[in-house]
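# Understanding the architecture of this molecule
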Amino acid sequence: MTLTSLKGRHALVTGGGRGIGRAIAASLVKAGASVTVVGRNPAALEQAIVQGAAHAAAIADVTDASVVQRAVREAVDRYGPVDLMIANAGAAASAPFMKSGPDVFRQMLDVNLLGVTNMAQAVLGSMTERGFGRIVAVASTAGLKGYPYVSAYCAAKHAVIGLVRALALETAKTGVTVNAVCPGFTDTDLVAESLDRIMAKTNRSRDEALGELVKHNPQGRLIDPSEIADAVLWLCGDGARSVTGQAIVVAGGEL
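Labelled according to an unreviewed UniProt entry, the protein appears under the name SDR family oxidoreductase, originating from Microvirga mediterraneensis. Here the protein is described in UniProt, under the heading Sequence similarities (unreviewed entry), as follows: "Belongs to the short-chain dehydrogenases/reductases (SDR) family."

Let's shift gears to the pattern of salt bridges. Following the criterion strictly, the structure yields 6 salt bridges and no others. When the shortest N-O distance is used, the salt bridge between K215 and E212 registers 2.8 Å. Take E212: its relative accessible area is 30%, and that puts it in the partly exposed class. The network of salt bridges with common partners includes R204, E212 and K215.

Let us look at the side chain of S140. Along the chain, the position of S140 falls in the loop between β5 (133–138) and α5 (151–170). For S140, a relative accessible area of 7% translates into the label buried. At 2.9 Å, the side chain of S140 and the backbone nitrogen of A142 are in polar contact. What S140 contacts, discounting residues up to four positions off in sequence, is Y153, K157, V181, C182 and P183.

What follows covers empty space enclosed by the protein. Here the structure, examined in full by the defined rule, presents 1 cavity of 30 Å³ or more. The space that makes up the largest cavity amounts to roughly 40 Å³. If you go around the largest cavity, the residues you meet are G184, F185, L213, V214, H216, N217, R221, A251 and E254.

Thresholds, definitions, all that
- Residues numbered from 1 in each chain as written.
- Predicted model: local features only at pLDDT ≥ 70, side-chain atom pairs only at ≥ 80, totals over all residues.
- Heavy atoms only, no water.
- UniProt positions renumbered as here; feature names shortened; annotations may be inferred.
- Salt bridge = Lys/Arg side-chain N within 4 Å of Asp/Glu carboxyl O.
- Buried < 20%, exposed > 50% of the residue type's maximum accessible area, 1.4 Å probe, protein only.
- Helix = DSSP H or I, 4+ residues; strand = E, 2+ residues; numbered from the N terminus.
- Polar contact = N/O pair within 3.5 Å; in protein donor to acceptor, adjacent residues only side chain to side chain.
- Contact = heavy atoms within 4.5 Å.
- 1 Å grid on protein atoms, 1.4 Å probe; cavity = no way out; pocket = protein on both sides within 12 Å on 5 of 7 lines; lining within 4 Å.
- Points joined across faces, edges and corners; volume = space filled by probe spheres on them.

Shown next, in the form of structure tokens:
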């Protein structure tokens, strides 16, 4: 893939103000796309623009379908139809299963599953009409295996993988591809917060807490957000037009 291969494309990245979403947005900008980042934190989105990781922002809670529709219309008015939609926004809740009530499962499904669903429904009609589109959901290795104490998160991410596979079949002849990227534990501020929680609950050192997280990765390290961005960039290019319905794992050999 060349750096100019996405020139003329309009990309929309949810959760694009930080972490993995920010890295993906910056990668798409570098590849020549016009990038709109979507999220709830105006300051983080504005910083992404100022630092060259995006061209514009739209404020939206991805769990609210009507707000998402409005945000997409605003983005389309600015840069034209959305060609590339990266559904990255997500959240993780940690608790034993017996302490994870319906509210926890509902929250995880709202953010992680309906967030993808709402974004896809907002852009898919235009994509199929024009005969081109790339939908990429940033899922997780938790969408392909289980982890203890995050049952609601695992259930939601498994649902995302199911959605991707079903939607890929529905759109197979339309010029639209639908895929998921499944990172392992990644070096982001969210993981840093997880390390802090482990340290507080267990009195372990930071190195010991980090060791607990990376023990699942045969390479023994956190994934860099740029590695996930590279996978997304490839899926958005013409060379991946035959790749659809896939869950691509970026996890150092964990799966």
